[in-house]
Amino acid sequence: MKASIMYHPSILDGVPQERGVYVLRRIVKPYSRPSRTYEVNRVAVIGMADKSETNGMKGRLKQYLCERTDTSSVNNIRNAAVARIESITHIECFSRKDIFISRDHALAVEVILTEIFEPMFRTPKGPKSKTTPKAIDLMEDLEFRRKVESMSNNPCYTIRLPNIDNLIEDMILMNSKVEGTPLYGKLNLSKQLQLKEYDI
């Protein structure tokens, strides 16, 4: 049985303790599984954190990465799928005071970024949706939507996690060549380190 990855809380030292939205990404370059894809850049989860509930984004991410108590990252009776935290390589945090004015604003940002990034794991829509009428109004406000879209490529804080993919990439970068093949551009993917079979 594979052990669950749990990170030390110190990796979150720079994360704002404010209301905001976080994006959990998997970015792997070079992409070393048997595939023609050279780089993977996928969003796994997008979520909202409110300071009054979980000590802001820092507290929310602690539940994901350090305590493994978030329901979207652990098996439970209601989940048909879970986010694999060990596959997450980067976390982006978004928190601007002129945008995240209230909880409703944060909920609207979460939905808009979900539309932009199309995460692989998302909360189902329906009667139990946490989106409020005010948040829906904000989502339909073109000026507000433009602000969120312009912010989407400019997170206020980014974490590069020390997961196995990043550690292997760092080891590759320490050497000018991999299996006698120049690094990047001319990589022989069949000669690269294979991540297909690894245990955490």
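Nothing here was measured: the structure is a model prediction, and the numbers come from that model.

A word on helix α5 (residues 142-151)
Here is step 1: Along α5, the positions that sit buried rather than exposed are Phe144, Val148 and Met151. The arc that holds the buried residues of α5, viewed along the axis, is 65°, so those residues lie on one side. With respect to the buried face of α5, the exposed residues turned more than 90 degrees away are Leu142, Glu143, Arg146 and Ser150.
Here is step 2: Between the side-chain oxygen at the start of α5 and the backbone nitrogen of Glu143 there is a gap of 2.9 Å, and the oxygen is on Asp141.

Here's the deal with the pairing of strand β3 (residues 90-94)
Here is step 1: Within β3, five of the five residues are buried, which leaves the element mostly enclosed by the surrounding structure.
Here is step 2: Residues His90, Glu92 and Phe94 line one face of β3 and the alternating positions Ile91 and Cys93 line the opposite face, and both faces are buried.
Here is step 3: As defined by bridge partners, strand β1 (residues 20-28) adjoins β3 across five bridges and the pair is classed as antiparallel. Bridging from a neighbouring strand, Val23 pairs with Glu92 of β3.
Here is step 4: In terms of strand pairing, β3 meets strand β4 (residues 157-160) through four bridges, oriented antiparallel. In the sheet register, His90 faces β4, and the bridge partner there is Arg160.

Each value, and the rule that gives it
- Residues numbered from 1 in each chain as written.
- Predicted model: local features only at pLDDT ≥ 70, side-chain atom pairs only at ≥ 80, totals over all residues.
- Heavy atoms only, no water.
- Buried < 20%, exposed > 50% of the residue type's maximum accessible area, 1.4 Å probe, protein only.
- Helix = DSSP H or I, 4+ residues; strand = E, 2+ residues; numbered from the N terminus.
- Arc of directions from axis to C-beta.
- Polar contact = N/O pair within 3.5 Å; in protein donor to acceptor, adjacent residues only side chain to side chain.
- Pairing = 2+ DSSP bridges.

On their own, these measurements won't tell you what the molecule is for.
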